[in-house]
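# What the coordinates show
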Amino acid sequence: MDNLPDIVSKRDPAVTVRRILKVNHAGEFGAIRIYGAQIWMARRLFPDIVPALQDMREDEIRHCRLFREAMPTRGAKPCRVMAFWSLGGFVLGFLTALGGRNMVWICTEAVESTVHRHLEDQLAILQTRDPELHALIASIQDEELAHLHEAEEKQTARGLSHALLLPVIGALTDLMIWLSTWGDSSWMRAEIARFRKA
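Residues numbered from 1 in each chain as written. Predicted model: local features only at pLDDT ≥ 70, side-chain atom pairs only at ≥ 80, totals over all residues. Heavy atoms only, no water.

All right, on to a nonpolar patch on the surface then. Residues Leu45, Leu87, Phe90, Val91, Leu95 and Leu98 make up a contiguous nonpolar surface patch of about 540 Å² in total accessible area. Sort the elements by how many residues they give to the nonpolar patch and helix H4 (residues 82-98) lands first, with 5 residues. Relative to the elements of secondary structure, Leu95 occurs in helix H4. (Patch = residues over 30% accessible without salt bridge, like charges linked within 9 Å, V, L, I, M, F, W, Y side chains within 5 Å. Areas by Shrake-Rupley, 256 points an atom, 1.4 Å probe, with all protein chains shown as cover. Salt bridge = Lys/Arg side-chain N within 4 Å of Asp/Glu carboxyl O. Helix = DSSP H or I, 4+ residues; strand = E, 2+ residues; numbered from the N terminus.)

Time to look at the pattern of salt bridges. Here the structure, examined in full by the defined rule, presents 9 salt bridges. Residue Asp130 is joined to Arg74 by a salt bridge in which the shortest nitrogen-to-oxygen separation is 2.6 Å. A residue pair is termed long-range when its members are at least 10 positions apart, and Asp130 in the loop between helix H5 (101-129) and helix H6 (131-154) and Arg74 in the loop between helix H3 (50-70) and H4 qualify at 56 residues. For Asp130, a relative accessible area of 11% translates into the label buried. (Buried < 20%, exposed > 50% of the residue type's maximum accessible area, 1.4 Å probe, protein only.)

As a further point, take the confidence of the model for the protein chain. Predicted confidence across the protein chain gives a mean pLDDT of 87, with 86% of residues reaching 70 or more. Taken element by element, the protein chain is modelled with least confidence in helix H1 (residues 4-8), mean pLDDT 49, and with most confidence in H3, mean pLDDT 97. (pLDDT = per-residue confidence, 0-100.)

With that out of the way, let us pick up H6. An ideal rise of 1.5 Å per residue puts 34 Å on 24 residues; H6 measures up with 35 Å between its terminal C-alpha atoms. The complete set of buried residues in H6 reads Leu133, Leu136, Ile137, Ile140, Gln141, Glu144, His147, Leu148 and Ala151. If you follow the buried residues of H6, they end up packed against helix H2 (13-45), H3 and H5. (Expected span 1.5 Å × (residues − 1). Contact = heavy atoms within 4.5 Å.)

Interaxial distance between H3 and H6 falls to 11 Å at its minimum, and their mutual angle equals 160°. Between H3 and H6, the angle falls in the class roughly antiparallel. Like other packed secondary-structure pairs, H3 and H6 cross with a definite hand, here left-handed. Seen from H3, the contacting residues are Ala52, Met56, Asp59, Glu60, Arg62, His63, Leu66, Phe67 and Ala70; seen from H6, they are Leu136, Ile137, Ile140, Glu143, Glu144, His147, Glu150 and Lys154. By residue class, the composition of the contact of H3 with H6 is 8 nonpolar, 2 polar and 7 charged. (Axes fitted to C-alpha atoms, helices over the stretch in contact; angles between N-to-C directions. Parallel < 35°, antiparallel > 145°, perpendicular 65-115°, else oblique. Left-handed = near helix turned anticlockwise from the far one by under 90°. Nonpolar A, V, L, I, M, F, W, Y, C, P; charged D, E, K, R; others polar.)

The N-to-C vectors of H2 and H5 enclose an angle of 160°; their axes lie 11 Å apart at closest approach. Compared by their axis directions, H2 and H5 come out roughly antiparallel. Along this stretch, H2 crosses H5, giving a crossing that reads as left-handed. Every residue of H5 that contacts H2 at Pro13, Thr16, Val17, Ile20, Val23, Asn24, Ile34, Tyr35 and Gln38 is listed here: Val104, Cys107, Thr108, Val111, Glu112, Leu119, Gln122, Ile125, Leu126 and Arg129. Grouping the constituent residues of the contact of H2 with H5 by class yields 12 nonpolar, 5 polar and 2 charged.

So, on to the packing of aromatic side chains. One pass over the structure, following the stated rule, counts 2 aromatic pairs. Relative to Phe94, the ring of Trp40 lies with its centre 6.5 Å away and its plane at 35°, an arrangement referred to as tilted. Of this pair, Trp40 sits in helix H2 while Phe94 sits in helix H4, and the two are 54 residues apart along the sequence. Trp40 gets classed as partly exposed once you look at its relative accessible area, which sits at 42%. Geometrically, the ring pair formed by Phe90 and Phe94 is stacked, given 6.2 Å between the ring centres and 15° between the ring planes. One end of the pair, Phe90, and the other, Phe94, are both in helix H4, 4 residues apart, so they sit about a helical turn from each other. On the accessibility criterion, Phe90 (32% relative accessible area) is partly exposed. Taken together, the ring pairs in this structure connect Trp40, Phe90 and Phe94 into an aromatic cluster. (Phe/Tyr/Trp six-rings, centres within 6.5 Å; stacked < 30°, edge-to-face > 60°.)

Next up, the structure:
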C-alpha cells in the first residue's frame, strides 16, 4: 500500500476524510434506528433476542458519538440526508423484525458485511493520510465484525429468505453510502482495486 498516497493525491484528501466521517456517522445513526425498531418489535414477538440487540445498539450509539466527536477538527458536518438514514433504518428494522428472528439476523449480516467492506476501503485510504482516524475506524471495525459473526451464528436457516434478502439489503446499504459520500465510495474502491492489480 506504499503507493496509496499517490492515489489519494488525485483528489483533495481533506474532502475524502470529511465524506468518510459524514457517511460513517450517518451509517451508525441508521444502525441505531434499525436496532431500535427491531428491539421495539422483538419485545412483543420474541423477547429472547432483545438483550443481544440492545448490546449491538449500545455499540452503535458509542460509534456514532465517536465519529461525531472526530468531525470538528476535520471540518466535517453531519450528512445532509440524515433523515433518509433515520427513516430507512427504522423501516428496515421494523420490516425485518416482522419477518422473525432469522430475518433480523439476516439484516444484521447484510448491513455489517457491507459496512465492513467499506471500512476496509477507508482504512486503506486513511493509513497515511489520517492515522488517528484510521485507528478509530480500525477499533470500531472490530466490533462491527463481532456483530457480523454473531448474526451469522444465530441464524437457524440459510434458505430462500437469506439468498434474496442479503443482496437486496446490501445493495440498499451500498446505495445510501454512495449517496452520502457523493460517489467517493465508488472512487475509493476503484482506485484501491487498480492499485492491488498493479
